[in-house]
Amino acid sequence: MIHNRTLRLDYNKNVGVVYVVGSEINVNLDRSAPPKCKFFSVKCTPTVQYTIVPSPQDSNHHSPIPLKDNTVLLITMKHASEFENDSKLSLRYYGEDKEVLGRAGLYLTAVEVSLDVDADRDGVVEKNNPKKASWKWGPDGHGAILLVNCDSERTYWKKPDTEHKYVSKVSDLKDMSPMVLRTKGPAKLPDGYKLTLHISQSDAESVRIFRAKSGEGDNVILSQNSIYHFLMRDYPLVLSTDVLSQEVPYLGNNGELKFYVEGLRFLDKDFDGMVTINVSLLEPISKSLPETPIFTDKVVFRVAPWIMTPNTLNPVEVFVCSTRDNYKFLKSMTRLVDSSGYKLKVCHEYMNRGDRWMQDELEFGYIDSPHQGFPVVLDSPRDGKLRDFPYAEILGPDFGYVTRVAEREDVSSLDSFGNLEVSPPVTVNGKNYPLGRIIIGVAFPTATKGRNMTKVVQDFLWAQKVQEPVALFSDWLVVGHVDEFMTFVPAPDRKGFRLLLASPDAGYKLFRGLKNDGHGQAKLFEGLEQETQITVDELLDDEQLQAENSYVQSCIDWNRDVLKRELGLDDDDIIDLPILFKLVGDGDVFRALAYYPDMVNMIVLGKNLGIPKPFGPKVNGRCSLEAEMCSLMGGLGLNCTFIDDFASYHKLLGEVHCGSNVRREAFGFKWWNIKM
């Protein structure tokens, strides 16, 4: 892109100007000519190139050329100057009889100025990429990427790095995007000229810029007492909400001045993630007047989105709570996680204060760029007794934190993150979602008094753009979470996964089969001392329960249709699990609970599944529900481990998935390569 600059010349005057290589100086000769001027001629040193528009018939520009009202002189230079005013262009103005009426001289100092970023997304800040001032999605796209610096380099007295007004540690620089100001030309600019870095008021809310003042300092060994002062000195804050414009040094020769650009906030309803940074060359007019910009170069960044990870990605670590009454559950989870080869992190009671619902408090995701990426925990607005855990225990070096705060009266059970899931990658009607689609539960579209996920969370999720959300109907459940009736498991064929759906129809089919095979007296809940046992015959004779499950099935079928449509699924991509529900409530509001432990509410650890132990009717000493699950999952090469969560979770309206959480590896696919 050519930068045009209009320049006014006065006859009988010599002026010195700075020319930026790659730009074009436009001089309207009629405006600058003396009265009664009819002709002009041009002369210049070999380092200066010019064009006359409209082009004169006589190619000898040293001879007088007719001057027209719209005659424009276009001046360019190909290389930076070695010295100040080392290039010259002169004009002569002539009257009707070609007598000389005046002269004008232009002394030129050429410099190169380039503000550079990693516009081709290869991890290297290349020089003057022609596409650095725009942003395009896709594998053939371009544009620099910016991370929100939401981790904490400190492990004590910590807070997110964005809340410090300084670089707290040299290691923090890797979480910022490099930007380089490259200049070439004389050792210094002519008197009065200066370079200024600047951003808009709106962009200043989203970005800060630090400068490397005297070398990177990465290999310098410092004492703890001196490191703060060293970092403040060698990485000064240049631009922020308090300072929108600041002069920066011109280094001359072949100078490079390195900056670090820090993202301050995630994409949201009021922020599309785009940030523009400018550098301008200012020219003096007089000592009593402000300088004026004669050249501006700019770069564009897009802030990286927060990305969720589906069950099909490999686990890294598993999180559970330890409470006074979940020893049996914790022991089983420990055995499962250890045998699966992953790390287990236990949140003890001093931190969880009896709040065992690890899934509901937080959701793990990550952010990524060509030069750096790290996990980021999204803290839900539920703010139960676990509310301090994400910030106090998870936020740290290379582990970021983000939350959305809602008005307390707006927060419902649907704001817990058992109500927030993500599908594996899918293709829908030819449109590819290589990072999957986020799934949330809301009230039925026609409901007038239903519960919904709070708007600030929905706005945040939609704004990330790369995992376009799908809204399901979950308000029919007492707790209201999508993980109560669906989940995804990896599969070796088809789309690489299966959608598991709770199905009362599948449940009744199984129990009727047991009755037909002569097992009508087999009992559910056998072995649970404080639970009333019920035979298969009694369960099948309960007409009210059947009616309630018919309603539940219709709710799940509505969601099934949405998932098939929005995820591009066929019936062969879906497995129905035999799970029954019951309705509770009073008046005209009835909502559903799992009748026995909800097997779909499982933890997925690679090929190993941790499934709530259902305590179904036994046939030949084996639980028929467990046998059915093992048969269904075994066909996918998945191993089932049944975990007794009845007293410590199921009776408290949750299951294995509700009481655990998994941080997973990031996608190999890079979000910026999505075709939008």
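The protein chain goes by Protein-arginine deiminase in an unreviewed UniProt entry, where it is assigned to Cynoglossus semilaevis. The Function (unreviewed entry) comment attached to the protein chain in UniProt states, word for word, "Catalyzes the deimination of arginine residues of proteins."

Asker: Help me understand the overall build of the protein chain, please; the structure alone is not making it clear to me.
Answerer: Looking only at helices and strands, the protein chain has eleven helices and 42 strands in total. Projected onto its principal axes, the C-alpha coordinates of the protein chain cover approximately 120 × 60 × 45 Å. Residues classed as buried in the protein chain amount to 57% of the 676 residues present. Of the contacts formed within the protein chain by residues at least 6 apart in sequence, a portion of 73% connects residues at least 24 apart. In the protein chain, the 78 positive side-chain charges and the 93 negative ones have mean positions that sit 6 Å from each other.

Asker: What exactly am I supposed to notice about the nonpolar core here?
Answerer: Side chains that are nonpolar tend, in soluble globular proteins, to be buried together. Leu91, Met179, Leu197, Ile277, Phe301, Leu461 and Trp671 are the most contacted members of the largest nonpolar core, which has 98 residues in total. Take this core: its biggest share by element is seven residues, from strand S9 (residues 100–116). If we skip the residues at most four places from it in the chain, Leu91 touches Leu9, Leu29, Phe40, Ser41, Val42, Leu73, Gly102, Arg103 and Ala104. In this structure, Phe497, Leu528, Leu580 and Met633 belong to the second largest nonpolar core, which totals 67 residues.

Asker: When you look at the UniProt feature "domain: WW" (unreviewed entry) in the protein chain in this model, what are you seeing that I'm missing?
Answerer: UniProt tags residues 129–162 as "domain: WW" (unreviewed entry). The span residues 129–162 carries 0% helix and 9% strand; its end-to-end C-alpha distance comes to 29 Å.

Asker: When you look at the state of the cysteines in this model, what are you seeing that I'm missing?
Answerer: Disulfides are covalent bonds that link the sulfur atoms of two cysteine residues. All chains considered together, the criterion is met by zero disulfides. Between Cys640, a free cysteine, and Cys630, which holds the nearest cysteine sulfur, the sulfur-to-sulfur gap is 4.2 Å. No disulfide involves Cys658; its sulfur sits 12 Å from the nearest other cysteine sulfur, which is in Cys321.

Asker: Please explain the domain arrangement of the protein chain as it appears in this structure.
Answerer: When the parts of a complex come together, some accessible area is lost, and that lost area is often used as the size of the interface. Entries for the protein chain in the domain assignment read domain 1 (3–111), domain 2 (118–303) and domain 3 (307–669). Contacts between the two partners involve 15 residues from domain 1, matched on the other side by 14 residues from domain 2. Of the roughly 1100 Å² buried where domain 1 meets domain 2, counting both sides, 67% is carbon and sulfur surface. Among the residues domain 1 hides against domain 2, the three largest losses belong to His3, Arg5 and Val18. Together they make up 42% of the total.

Asker: How do you make sense of the pattern of salt bridges when you look at a structure like this?
Answerer: Two side chains bearing opposite charge may form a pair once their charged atoms approach each other closely. Counted by the stated rule, this structure contains 44 salt bridges. Among the ionic pairs, Asp576 bridges to Arg560, the shortest N-O distance being 2.8 Å. Of the two residues, Asp576 sits in strand S34 (residues 574–578) while Arg560 sits in helix H10 (residues 543–567), which places them 16 residues apart along the sequence. It is possible to trace a salt-bridge network through shared partners that takes in Asp116, Lys132, Arg182, Glu256 and Asp297.

Asker: Would you explain the packing of helix H8 (residues 504–516) against helix H11 (residues 624–634) in this entry?
Answerer: Helix-helix packing is described using two parameters, namely the angle between the two axes and the distance between the axes. Between H8 and H11, whose axes approach to 11 Å, the crossing angle comes to 120 degrees. When the axis of H8 is compared with that of H11, the two are oblique. Note on packing geometry: the crossing formed by H8 with H11 is right-handed. On H11, the residues touching Leu510, Phe511 and Leu514 of H8 are Ser624, Leu625 and Glu628. Grouping the constituent residues of the contact of H8 with H11 by class yields four nonpolar, one polar and one charged.

Asker: How should the packing of aromatic side chains be read in this particular structure?
Answerer: Two aromatic rings, taken as a pair, are described by how far apart their centres are and by the angle between their planes. Per the stated rule, a full pass over the model turns up 24 aromatic pairs. Taking the centre distance of 5.1 Å and the plane angle of 75 degrees together, the rings of Trp135 and Trp137 count as edge-to-face. Neither Trp135 nor Trp137 differs from the other in exposure class; each is buried. Ring geometry for Phe444 against Phe473: centres 4.8 Å apart, planes inclined by 65 degrees, an arrangement best described as edge-to-face. Note that Phe444 is positioned in the loop between strand S28 (438–442) and helix H7 (455–463) and Phe473 in strand S29 (residues 470–473), a separation of 29 residues in sequence. With a relative accessible area of 10%, Phe473 lands in the buried category.

Asker: Would you explain the side chain of Asp598 in this entry?
Answerer: One can find Asp598 in the loop between strand S36 (589–594) and strand S37 (603–605). The buried charged residue Asp598 lacks any salt bridge partner; its closest oppositely charged side chain belongs to Lys582, at an N-O distance of 12 Å. Excluding its chain neighbours within four sequence positions, the residues that come into contact with Asp598 are Glu484, Ile579, Phe581, Pro612 and Glu655.

Asker: What am I meant to see in the UniProt feature "active site" (unreviewed entry) in the protein chain here?
Answerer: On the UniProt side, "active site" (unreviewed entry) is annotated at positions that read Asp360, His481, Asp483 and Cys658 here. Across 299 residues in sequence, these annotated residues keep their C-alpha atoms within 10.4 Å of one another, forming a single compact spot. Tracing the chain through its elements places Asp483 in the loop between S29 and strand S30 (486–490). With residues near it in sequence (within four places) discarded, Asp483 still touches Gln359, Gly418, Glu421, Val600, Asn601, His657 and Cys658. Within the element layout of this structure, Cys658 appears in the loop between strand S41 (639–643) and strand S42 (660–664).

Asker: I would appreciate a short explanation of the side chain of His657 in the present structure.
Answerer: Inspection of the secondary structure assignment puts His657 in the loop between S41 and S42. Looking at His657, its side chain comes within polar contact range of the side chain of Asp483, at 2.7 Å. Ignoring any residue separated from it by four or fewer positions in sequence, one finds His657 in contact with Gln359, Glu421, Asp483, Asn601 and Met602.

Asker: Whenever I open this one, the environment of Gln49 confuses me. Can you help?
Answerer: Assignment of secondary structure puts Gln49 in strand S5 (residues 49–53). Measuring from C-alpha to C-alpha, the distance between Gln49 and Asn4 comes to 15 Å, with 45 residues separating the pair along the chain. Among all residues touching Gln49, those that are not within four sequence positions of it are Leu74, Ile75, Thr76, Met77 and Lys78. A distance of 3.4 Å separates a polar side-chain atom of Gln49 from the backbone oxygen of Thr47.

Asker: What exactly am I supposed to notice about H7 here?
Answerer: Think of an α-helix as turning once every 3.6 residues; residues three or four places apart then point the same way. Taken together, the buried positions of H7 are Val457, Gln458, Asp459, Phe460, Leu461 and Ala463. In this structure, the buried side of H7 is in contact with strand S23 (373–379), strand S24 (400–403), strand S25 (420–422) and S28. Looking at the residues trailing H7, positive phi occurs at Lys465, about 75 degrees.

Asker: Whenever I open this one, the environment of Met333 confuses me. Can you help?
Answerer: Looking at the secondary structure, you find Met333 in helix H3 (residues 327–340). Linking Met333 and Val318, residues 15 residues apart in sequence, is a C-alpha distance of 9.3 Å. Beyond its immediate sequence surroundings of up to four residues, Met333 is in contact with Val318, Val320, Ile603, Ile643, Val656 and Ser660.

Asker: Help me understand the sheet that holds strand S15 (residues 245–248) in this model?
Answerer: The pairing of strands in a sheet happens through backbone hydrogen bonds and is either parallel or antiparallel. Ordered by their spatial adjacency, five strands build an open sheet running S10-S18-S17-S12-S15, and the pairing between neighbours is mixed. Because the sheet does not close on itself, it has two edges, and the strands there are strand S10 (144–146) and S15. Strand-to-strand twist in this sheet, taken as the mean axis angle between neighbours without regard to direction, amounts to 35 degrees. As paired strands, strand S12 (residues 194–198) and strand S17 (residues 274–283) are joined by five bridges and run antiparallel to one another. By the bridge assignment for S17, Leu195 is matched with Leu281.

So, how was this worked out
- Residues numbered from 1 in each chain as written.
- Predicted model: local features only at pLDDT ≥ 70, side-chain atom pairs only at ≥ 80, totals over all residues.
- Heavy atoms only, no water.
- UniProt positions renumbered as here; feature names shortened; annotations may be inferred.
- Helix = DSSP H or I, 4+ residues; strand = E, 2+ residues; numbered from the N terminus.
- Buried < 20%, exposed > 50% of the residue type's maximum accessible area, 1.4 Å probe, protein only.
- Contact = heavy atoms within 4.5 Å.
- Lys, Arg positive; Asp, Glu negative; His and termini not counted.
- Charge placed at Lys NZ, Arg CZ, Asp CG, Glu CD.
- Core = buried A, V, L, I, M, F, W, Y, C linked by side-chain atoms within 4.5 Å.
- Disulfide = S-S within 2.5 Å.
- Domains from an automatic or database assignment.
- Buried area = accessible area lost by both parts, 1.4 Å probe.
- Salt bridge = Lys/Arg side-chain N within 4 Å of Asp/Glu carboxyl O.
- Axes fitted to C-alpha atoms, helices over the stretch in contact; angles between N-to-C directions.
- Parallel < 35°, antiparallel > 145°, perpendicular 65-115°, else oblique.
- Left-handed = near helix turned anticlockwise from the far one by under 90°.
- Nonpolar A, V, L, I, M, F, W, Y, C, P; charged D, E, K, R; others polar.
- Phe/Tyr/Trp six-rings, centres within 6.5 Å; stacked < 30°, edge-to-face > 60°.
- Polar contact = N/O pair within 3.5 Å; in protein donor to acceptor, adjacent residues only side chain to side chain.
- Pairing = 2+ DSSP bridges.

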